[in-house]
Amino acid sequence: MKNKVKAFRFSTWAVSFALGLVFLLSSWSAAAIDTIAVDVGISVFKTMPIGIVPFVEPKENIEWIEEKPHQILTRDANLSGRFEVVASEKFNLALFSRSHVKHYVTGKVSKQEGNLLRVDCYLYIAQTKDMLLGETYVVPQQELRRAMHKFFDLVIKRLWAERGVASTKLAYVSKIDGVKQVVVSDYDGYHRSQITRDSSISMMPVWMKGNKGLVYVNFKTHRPHLYFKKFGGVEQPLFPSLDQTYSPAVNPVTGELLFSSTVDGKTDLYIGNLNSGKARKFAYLKSNQTSPAWSPYATEVLFTSDRGGGPQIFVMGKDGSDMRRVTFMGRYNERASWSPEGDRIAYTSMDNGKMNIYTCALDGSDIVQLTNNAGNNEHPTWSPDGKLIAFASNRSGTYQIYIMRKDGSNVTRITNSGENTSPTWSFFYDDLD
Amino acid sequence: MKNLFKFALMASVAGLVFTACSNPEPPKTDPEVVPAEEYAAVQAQESDSVVAQPVLNADSLAAVKAKEEAERLEAERARLETLINQIMSEDVYFDFDRFELTEKAKELLAQVAELLMKETRFTITIEGHTDARGTEDYNFTLGAKRAMKVKEFLNAYGIEGNRMESVSYGKEAPKAAGESEEAYSQNRRANFRVNIRD
């Protein structure tokens, strides 16, 4: 692996400079080569310690059917990739000081009429016990988890001045009674609901703009075709005059859909409008193109082309101009997605028949391997805050959905039964409420 | 999804109109042949055609005629079903991440082409498939390229393009389960669905 990187590096250097300079620069190149390495899951993440103290409960015991509030918050904190949890049974300044905990969360729970829980949640400064945040939720116990997610996103907003993802969702494909169906769950795998109920395969779900519904592929016509379904609405076919449509990608600014259509063995990218149902060819290229992905502000598009034989990742402008190749290392690089911060892409690469997830900079440099030696790992999707990547892996024997930090650390499984693949992360929910 | 299709051929005594319908069951590799007498009886009951209308008290000649006709149809039906099963069982295999036809694949396709030349009412759908390795997206394009190669070969052999349709299933419809090379090699394939046009 390292040798391949070296070779690639050297060639780009050689190409980048005028021939006359090569002799002069050869010593520089050698110096540059030594700094390139492919890292595997070494965390360079900056985390913030946070204290989590169990909520005070009333004398008359609550029958917990779900996890308790502090347990839900602990899971949110661990999944967020932003915090290092310091658990304590009660407020403990010595422990918090020792662990560099500047803030802690706790609260109290009481019963209310109609089988409701009143949950008061607080964020405190450890040293002074000043309250930074106080929120009250009155909910049935089944809604407790979502209330805690809401509170946790407020904690992130207060401490990081950024939006958290605890209230976001994932769409993915679940095998139900032997048939792939599209499902949606909260980002932590809870509250799964089934979106498609077909006897034929449904797959490749992506989120419509504003999280209003999903676009996905179904095989009911015995050919892959795109459909969309608003939540609570009915399924609508998309672009029925085009043959074999798949690989949908929603423009985050306009809501338009970029996708692949295959006619007689040739696959091209098309762009279409969900409301008008009109679509046109996006780029006229000789090669086959699939797996489109938009840049965060929809100015550019990543896609996969087979012009070199195997799949490689390319980028071009939203008008199809200025096409350039991104990946050079390895023979199989596919399904890129653009980080919300805009600086990197995540993609799936195959080596010796095994799939693994990588990220790299937009010029193809600074390649980081995020998964290794743990079955197949594929279909990376960024959290909307850019901190995390969800993906599917069969490391446990069956395909399940996992979340990791964007540097490959802190891998957490969020689905447990059946077979789950192809996750795509929703947009933010907090600005929709 | 077991997207293999069984074709029930139904012949009506009067019109000799063949219709093909599909349902998502595995193909019959060993078709059960309905005994001719039983078939004739069913046909006789179902038929409302003026030509072969068997009346309850019809004379023996008409009954014999109807029976012969039914037997002839049944033989034709069985023959077509055998042919269809033959074509549907002729899977063409590919190398990993390749879509070129192997020599063996070409031999097999030549046989399919011969069958299609004889039975001009047959139209086919060529399904391209891949093994489980790789992404869903790229495997759709790969399956499409495989199906296209098969279509091009049959076209060059003399089968009109309008009798053939190609579709990619990517890695969504494996024939063999598992993660062994044996399973993979079974799944890197193109196979046929047969329709009969009037």
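Up top you'll find the structure we're talking about.
I will try to describe carefully the structure that is included in this document. (Residues numbered from 1 in each chain as written. Chains lettered and ligands numbered in written order. Predicted model: local features only at pLDDT ≥ 70, side-chain atom pairs only at ≥ 80, totals over all residues. Heavy atoms only, no water.)

Some thoughts on the overall build of chain B
Within chain B, the regular secondary structure consists of five helices and six strands. Shown N-terminal to C-terminal, the secondary structure of chain B runs as helices and strands in the order β-β-α-α-β-α-β-α-β-α-β. When burial is assessed residue by residue, chain B has 45% of its 198 residues classed as buried. Counting only contacts in chain B whose residues sit at least 6 apart along the sequence, the fraction spanning at least 24 positions is 74%. Accessible surface for chain B amounts to roughly 10,100 Å². Of this, 54% is attributable to carbon and sulfur atoms. (Helix = DSSP H or I, 4+ residues; strand = E, 2+ residues; numbered from the N terminus. Buried < 20%, exposed > 50% of the residue type's maximum accessible area, 1.4 Å probe, protein only. Contact = heavy atoms within 4.5 Å. Areas by Shrake-Rupley, 256 points an atom, 1.4 Å probe, with all protein chains shown as cover.)

Focus: helix H3 (residues 69-80) of chain A
Residue and element names in this part refer to chain A. With 12 residues, H3 should cover 16 Å at 1.5 Å per step; its first-to-last C-alpha distance of 16 Å lies within 8% of that length. Among the residues making up H3, those that are buried are Pro69, His70, Ile72, Leu73, Asp76, Ala77, Leu79 and Ser80. Two residues or fewer past H3, Gly81 is found with a positive phi of approximately 75°. (Expected span 1.5 Å × (residues − 1).)

Let's talk about the pairing of strand E13 (residues 245-250) of chain A
All names here are of chain A. The buried fraction of E13 is high, at six of six residues. Sheet topology places E13 next to strand E14 (residues 257-263); four bridges connect them, and they run antiparallel. Bridging from a neighbouring strand, Thr245 pairs with Ser261 of E14. Where E13 folds back on E14, the antiparallel hairpin that results is connected by six residues, among which Gly255 adopts a positive phi of roughly 80°. (Pairing = 2+ DSSP bridges.)

Points about the interface of chain A and chain B
Each side of the interface is counted separately: chain A has 36 residues, and chain B has 26 residues. When chain A packs against chain B, close to 2,600 Å² is buried across both sides, 56% of that on carbon and sulfur atoms. When the buried area of chain A at its contact with chain B is split by residue, A:His222, A:Arg223 and A:Asp264 rank highest and sum to 20% of it. Remark: the boundary between chain A and chain B carries six salt bridges. (Buried area = accessible area lost by both parts, 1.4 Å probe. Salt bridge = Lys/Arg side-chain N within 4 Å of Asp/Glu carboxyl O.)

Considerations on unusual backbone geometry
A negative phi angle is the norm for most residues apart from glycine, just as the trans form is the norm for most peptide bonds. Residues and elements named next belong to chain A. A positive phi angle, near 55°, is found at Arg335, a position not held by glycine. Counting through the fold element by element, Arg335 comes out in strand E21 (residues 333-338). The phi torsion at Asn352 lies on the positive side, around 55°, for a residue other than glycine. The residue Asn352 is located in the loop between strand E22 (344-351) and strand E23 (354-361) in this model.

A few points about the sheet that holds strand E8 (residues 193-194) of chain A
Sheets are built from strands paired through backbone hydrogen bonds, the pairs being either parallel or antiparallel. All names here are of chain A. Taken together, the four strands give an open sheet; going across it, the order is E8-E7-E6-E29, and neighbouring strands pair in antiparallel fashion. Two strands bound the open sheet, and with one partner strand each, they are E8 and strand E29 (420-425). Here strand E6 (residues 169-176) pairs with strand E7 (residues 179-186) via eight bridges, running antiparallel. Bridge pairing in E7 links Leu170 to Ser185.

Looking at the packing of H3(A) against helix H5 (residues 144-160) of chain A
Residue and element names in this part refer to chain A. Where H3 meets H5, the axes come as close as 9 Å, and the angle between the chain directions of the two elements is 50°. Looking at the two axes, H3 sits oblique to H5. Both H3 and H5 take part in a crossing whose hand is right-handed. Residue-level contacts link Pro69, Ile72, Leu73, Arg75, Asp76, Ala77 and Ser80 of H3 to Leu144, Arg145, Met148, His149, Phe151, Phe152 and Ile156 of H5. In terms of residue class, the contact of H3 with H5 is built from nine nonpolar, two polar and three charged. (Axes fitted to C-alpha atoms, helices over the stretch in contact; angles between N-to-C directions. Parallel < 35°, antiparallel > 145°, perpendicular 65-115°, else oblique. Left-handed = near helix turned anticlockwise from the far one by under 90°. Nonpolar A, V, L, I, M, F, W, Y, C, P; charged D, E, K, R; others polar.)

A word on the environment of A:Leu132
All names here are of chain A. Looking at the secondary structure, you find Leu132 in strand E5 (residues 131-140). Under the relative-accessibility criterion, Leu132 is labelled partly exposed at 22%. Placed 132 residues apart in sequence, Leu132 and Asp264 show a C-alpha to C-alpha distance of 62 Å. The residues touching Leu132, leaving out its near neighbours within four places in the chain, are His103, Leu123, Tyr124, Ile125, Arg158 and Leu159.

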